[in-house]
Structure formats: structure tokens, C-alpha cells
Amino acid sequence: SVTLEHGSKRLGKRTDPMMGVWRNYGLGQFIHWGLYAIPGGHWDGKYYSGAAEWIRSWNEMPKNAYDELYKVFDPKAYDPKAWAKQAKDMGAKYMIITTKHHDGFCLWPSQYTDYSVAKSPYNKDIIGPMVEAYDAEGIDVYLYFSVMDWNHPGYRSKLETKEDEEAYEGFKEFTRNQLLELLAFYPSTKGLWFDGTWDQAWIQQAAFADELEEEMRSVIPGLIIGSRFRADENGKRHFDTNGDLMGDYEQGWERKMPNRIEDVNGNDWDCVMTVPENQWGYHSDWKGHVKSSVELIEMMVKAASLDGNFVINFGPDGQGNIRPEESLIAKEVGEWMESNAEAVYDCGYLDWEKQDWGYYTRNRKTGNVNLVVFNYPASGKLRVKVPKGIKIQGIDLIGTNGGTIDLEEIHRDEYFLGLPKGTDHTKPVVLVMKIVEGDAEVQGVYEKAK
Ligand SMILES: Cc1ccc([C@@H]2N[C@@H](C)[C@@H](O)[C@H]2O)cc1
């Protein structure tokens, strides 16, 4: 490996308690909210087929018309307590809010720009009450921040002239000022989720960004920052020139999932996921595939089974309403989590042979092995291959299902687990297995099925 001034600062996962809390979240809520929610994917009677939060980049959207939208930002229905309650009922353990998206509009009264809520008819801080409401529900708050800022005169995607470089120095100072301001205004924030950092101009700022990351970490010790904030001095992003992870968790899984444990390179990671195919901000007319709650639950469990967190995105409308489709998702996911959350919270990867019926997760606190069944076997029996030296001490069917599991040893250390007749498998079925490691004689092993 090569010596790097501005590469990864740490080999392997963070081992401190704050990161341990992050690692055990399982489920988060992303909220994309801003001026883009006002047009909601339409302008002048035309339908924008792109991601609604990118409508300003649409050539059918006059830039000055977009930039004037702040003059009508006055969300009468904004109710952060209701949002936080809904997130609590869904089972979210953390929430990521867009403080500033690519358009540069700030949902907090920044001292460093007029392009904020302070200049809108609403004229109140949006972020503060949201942080308070989520803190009150015991949901940790993380701040999304886009470095790319289409509103700031000093923003550049690349530096080609002396003038560019001078303007960009001002932009860098502005960016630092806003980040330090956010940490000062909202000190209960547990971390930052960066976006809009792919521009050449920013990638060339390895030293500046490295120093700024250090400074932010000194302002809030233990702050959790993802891999997307900064590049190393060779322009390498997410993974430095030596292949080591930048930041504290990998942010590469946006609208996609890893499939095998090898895909996550032994790192912490999150997967952020839209309910429709590709809409983060509010679009009033979703097209294409809209994910069901069962589909999202499967992704959440798959993430936990591969040592990651799963974050479901919500895009409130221009008045601050959560749309009905998203409220239904929150309700259905919450109903499942009500009696199955122990298979997700505090859970991670289990190195047992992957089976077709679904996923294993290992609960780090109880040691229990969870079997979450999405592909119900026609035989009604789950094949489970138990590694050498592991004994099954007990198995319980949890959730809304009841009944006992028939345990049949079909080979040495390989079992069929027979599910009770009438098990409702229209929702994921969860079994919790208590295991004993080592060759200790097992007490109370289940009666072997005849
Ligand atoms: C190519 C591309 C750029 C930015 C994005 C932003 N990242 C997501 C988390 C959203 O904020 C989206 O606007 C998505 C795709």
C-alpha cells in the first residue's frame, strides 16, 4: 500500500459505542423535502419524468422560475411531531433529513446565505423543530448535506480559470461555515450524510475536505460521517488508493442492494431506498414500479443479514403532507416490526450457508439466530445446515404466527424445520433459534420429529 496524506484514517470498522449504536439501527427513514416539493414533478402543465428533486435541471424548467419558488414556500401542514410519531410507529431508529439539497435552498435560517427559509413566507426554522420532535421520539437525527449547490455564485463543477479558483475558495469557506453552523445549531445530530461530492472541483480539495472532516469530528466527538464526503489526494472516492474505506460507513448502496457478504468488504454500510423506482423528492404522479411494504421489509432484512442498515425514503409534498402511499408503507412496515423487530434491531450477518427460503440474521445482544422466511417452501419445511459444533437448543415461531416447529434431523447437522399447518405466509415468517456453541450436551433439545 502507498502512504496517503488524505486517505482513510482507520483500518476496519469503528469499534466505539456510538458506532455500535449506528450498527444496530436496522431501519432508518430518509426525508427529502425542499422547494422541489412545490412543483412536484410538473411545470407549466408538463410532466417531468426525472427525479423530482432534480427538476431545476430540466430544460423545461426556467431556472429563475425555480429560484423564485422560495417566495411561495409556506408549508401550512408541516407537523414534525406527526412525522416523528409516524416514523416511530414504523420502527425507524434513525432519520436523515435534507438540510440543503443540490438547489442550495436551506431548510434552516443560515447566516451565510439569503436562500433559506428565513427569506420565505414561512420564515421559521424547519430543521430545529424536526430535530426536537425526532429526539423526543428517541429517533436519532442525521443531517443530509449536498456540497453541490446550484445557487451559490462560487460553486463550480470544475476549476478551469483563475477566476474559477478564486470563486471556489469563497465556496469552500461557505461550505465549511454552513457545516459548522449546522453542528452548532443542532448539536444532538449523530452524523452527516453527504451528497453532491462527485464534481472535479470538490474531488481536488482532498486536503481541505480532510481538514474539515477532522474539524467537524472535533466539534461533535463521535460524529458519524459516510464515505461520500471526501476524496483522497489521488481523487479516489469511497475507497482510498489502498482500497480502504473513507469515513465510517459505505454510502455506495443507493437504490441498490449487495447480494453477498463479500460485496460489503467487511465495512459498515447503509442502503437508502426510494418507494417508487427513482423519486426522492415529492413527485405528485409516480410512474413505474412502486415497492410494497413486503418488498421493503425483505430489503431491510436482507440488509441486516449482510451487516447493513436500510433507510426508506419519504418525500413530503409542498404543504408538508406525507403522501398516502408512504403513510401506508409506514403503517404496514410498523405492523410487521411490532412483533418481529428482534430479527432486525441489533442484528447482523451469520456465516451459515445461505438457504433459498430467506435470510439468517444474528442478534448481537441475545446471540439468537433468526430465520426470516420470504420464499415459503412448498414442503412447509425449512432446510437448515448448522455448522459443526453448533447445537439447536430451541426454536420459536414469533410474530402473528403460532404453533410449534417440527425438528427433523435429515443428515448430521442438517435439519428440516416443519412449519405449522396454516402458517400465514402472506407476510414474512420469523423463527427465533436458540443455539449452543461448542460440544456442550444440549438440554431441552426439541423432540426429534418421528
Ligand atoms: C446521479 C445522481 C445524483 C444525485 C442523486 C441524489 N442522491 C439521492 C440520495 C438523492 O438526494 C438524489 O437526488 C441521485 C443520483
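Everything here concerns the structure above.
Calculation criteria
Residues numbered from 1 in each chain as written. Predicted model: local features only at pLDDT ≥ 70, side-chain atom pairs only at ≥ 80, totals over all residues. Heavy atoms only, no water. Axes fitted to C-alpha atoms, helices over the stretch in contact; angles between N-to-C directions. Helix = DSSP H or I, 4+ residues; strand = E, 2+ residues; numbered from the N terminus. Parallel < 35°, antiparallel > 145°, perpendicular 65-115°, else oblique. Left-handed = near helix turned anticlockwise from the far one by under 90°. Contact = heavy atoms within 4.5 Å. Nonpolar A, V, L, I, M, F, W, Y, C, P; charged D, E, K, R; others polar. 1 Å grid on protein atoms, 1.4 Å probe; cavity = no way out; pocket = protein on both sides within 12 Å on 5 of 7 lines; lining within 4 Å. Points joined across faces, edges and corners; volume = space filled by probe spheres on them. Pairing = 2+ DSSP bridges. Core = buried A, V, L, I, M, F, W, Y, C linked by side-chain atoms within 4.5 Å. Buried < 20%, exposed > 50% of the residue type's maximum accessible area, 1.4 Å probe, protein only. Disulfide = S-S within 2.5 Å. Phe/Tyr/Trp six-rings, centres within 6.5 Å; stacked < 30°, edge-to-face > 60°. Near = heavy atom within 4 Å. Polar contact = N/O pair within 3.5 Å; in protein donor to acceptor, adjacent residues only side chain to side chain. Sits in = over half its atoms within 2 Å of the grid points. Expected span 1.5 Å × (residues − 1). Salt bridge = Lys/Arg side-chain N within 4 Å of Asp/Glu carboxyl O.

Trainee: Sorry if this is basic, but what is going on with the packing of helix 5 (residues 162–185) against helix 7 (residues 206–219) here?
Mentor: Angle between the axes and distance between the axes are the two parameters that describe a pair of packed helices. One can describe the packing of helix 5 onto helix 7 by two numbers: an axis separation of 10 Å at closest approach and a directional angle of 15°. Taken together, the axes of helix 5 and helix 7 lie roughly parallel to each other. As for how helix 5 packs across helix 7, the hand of that crossing is right-handed. Residues K172, R176, L179, L180 and L183 of helix 5 form the contact with helix 7, whose participating residues are F208, L212, E215, M216 and V219. Of the residues in the contact of helix 5 with helix 7, the class split is seven nonpolar, no polar and three charged.

Trainee: Sorry, what's going on with empty space enclosed by the protein here?
Mentor: If you roll a probe as big as a water molecule over the atoms, it shows you where there is empty space left. Inspection of the entire model under this criterion finds one cavity of 30 Å³ or more. By volume, the largest cavity is sized at about 30 Å³. Partitioning the lining of the largest cavity into residue classes produces four nonpolar, four polar and two charged.

Trainee: Can you help me understand the sheet that holds strand 18 (residues 429–437) in this one?
Mentor: Sheets are built from strands paired through backbone hydrogen bonds, the pairs being either parallel or antiparallel. In spatial order, the strands read 11-12-13-18-15; together these five strands make up an open sheet with antiparallel pairing. Looking at strand neighbours, the two that pair on one side only are strand 11 (347–348) and strand 15 (390–398), the edges of this open sheet. The pairing of strand 13 (residues 369–373) with strand 18 spans five bridges and is classified as antiparallel. Paired with V369 across the bridge in strand 18 is M433. The sheet strands contacting helix 8 (residues 293–305) are strand 11, strand 12 (358–363) and strand 13, and the helix crosses strand 12 at an angle near 50°.

Trainee: In this structure, what is going on with the nonpolar core? I would like to understand it.
Mentor: The nonpolar side chains of soluble globular proteins are, as a tendency, buried together. Counting 99 residues, the largest nonpolar core has Y134, M216 and F310 as its most contacted members. Of the residues forming this core, the biggest block, seven residues, is contributed by helix 5. Leave out the neighbours within four places in its chain, and M216 touches L179, L180, L183, L192, F194, L223, I225 and F229. If you look at the next biggest cluster of nonpolar residues, it comprises 23 residues, including L350, V369, V384 and Y415.

Trainee: What is the right way to read the layout of surface pockets from this model?
Mentor: In this structure, the largest pocket encloses a volume near 240 Å³. The calculated volume of the second largest pocket comes to roughly 200 Å³. If you trace the second largest pocket, you find 14 residues lining it, with S305, L306, Y349, L350 and K354 closest to the centre. Ranked by the residues each element gives to the lining of the second largest pocket, the list is headed by strand 12, at three residues. Across the lining of the second largest pocket, the residue classes break down as seven nonpolar, three polar and four charged.

Trainee: I keep staring at the pairing of strand 1 (residues 27–31) and nothing clicks. Help me out?
Mentor: Here is the key point about a regular strand: its side chains alternate between the two faces of the sheet. Extensive coverage of strand 1 is indicated by the burial of five of its five residues. Judged from the five bridges that link them, strand 1 and strand 10 (residues 308–314) form a sheet pairing that is parallel. Each bridged residue has a counterpart across the sheet, and for I31 the counterpart in strand 10 is F314.

Trainee: Teacher, can you tell me more about the state of the cysteines here?
Mentor: Note on terminology: a disulfide is the covalent bond linking the sulfur atoms of two cysteines. Applying the stated rule across the entire model yields zero disulfides. The thiol of C271 is not disulfide-bonded; the next cysteine sulfur, from C347, is found 17 Å away.

Trainee: Looking at this structure, how should I read the packing of aromatic side chains?
Mentor: Both the distance between ring centres and the angle between the ring planes are used here to describe each pair of aromatic rings. A full pass over the atoms with the stated rule returns 32 aromatic pairs. Ring geometry for F145 and F194: centres 6.1 Å apart, planes at 75°, overall edge-to-face. Taken together, the positions of F145 in strand 5 (residues 140–146) and F194 in strand 6 (residues 191–195) put the pair 49 residues apart, joining distant regions of the chain. Accessibility classification places F145 together with F194 in one group, the buried group.

Trainee: Where do I start with the site of the ligand in this structure?
Mentor: Lining the immediate environment of the ligand, one finds H32, E53, W54, H101, H102, Y144, W193, D195, W198, E254 and W280. Here an oxygen atom of the ligand sits 2.7 Å away from a polar atom, N or O, in the side chain of H32. D195 places a side-chain nitrogen or oxygen 2.7 Å from a nitrogen atom of the ligand. Of the pockets mapped on this structure, the ligand occupies the largest pocket. Grouping the amino acids of the shell around the ligand by side-chain chemistry returns five nonpolar, three polar and three charged.

Trainee: Sorry if this is basic, but what is going on with the sheet that holds strand 4 (residues 94–100) here?
Mentor: Ordered in space as 7-6-5-4-1-10-9-8, the eight strands form an open sheet in which the pairing is parallel. Both edges of this open sheet fall to strand 7 (224–225) and strand 8 (250–254), since each of them pairs with a single strand only. Along the sheet, helix 4 (residues 127–136) contacts strand 1, strand 4 and strand 5; its crossing angle with strand 4, the most-contacted strand, is approximately 175°.

Trainee: What's the story with unusual backbone geometry in this structure? I'm lost.
Mentor: It is generally the case that most residues other than glycine have a negative phi and that most peptide bonds are trans. For R255, which is not a glycine, the phi torsion comes out positive at approximately 65°. When you line up the elements, R255 lands in the loop between strand 8 and strand 9 (269–273). Taking relative accessible area as the criterion, R255 reaches 35% and is therefore assigned partly exposed.

Trainee: What is the right way to look at helix 5 in this model?
Mentor: One turn of an α-helix holds 3.6 residues; hence residues three or four places apart share an orientation. Between its first and last C-alpha, helix 5 extends 35 Å over 24 residues, near the 34 Å set by a 1.5 Å rise per residue. You can read the cap of helix 5 off the contacts: a side-chain oxygen lies 3.3 Å from the backbone nitrogen of E163, and it is on T161.

Trainee: Even after reading the chapter, I still don't get the pattern of salt bridges, so can you show me in this structure?
Mentor: Opposite charge on two side chains lets them pair, provided their charged atoms get close. Following the criterion strictly, the structure yields 35 salt bridges and no others. K100 is the salt-bridge partner of D149, the closest N and O atoms lying 2.8 Å from each other. Within this pair, whereas D149 is found in the loop between strand 5 and helix 5, its partner K100 is found in strand 4, the two being separated by 49 residues in sequence. Accessibility classification places D149 together with K100 in one group, the buried group. For R228, the salt bridge is made with E254, and the minimal N-O distance between the two is 2.8 Å. Highlighted residues: R228 in the loop between strand 7 and strand 8 and E254 in strand 8, separated in sequence by 26 residues. On the accessibility criterion, E254 (29% relative accessible area) is partly exposed. Beyond isolated ion pairs, a larger network of salt bridges with shared partners links K9, R10, R14, D16, D210, E213, R217, R230 and D248.

Don't take any of this as a statement about function, it's just geometry.
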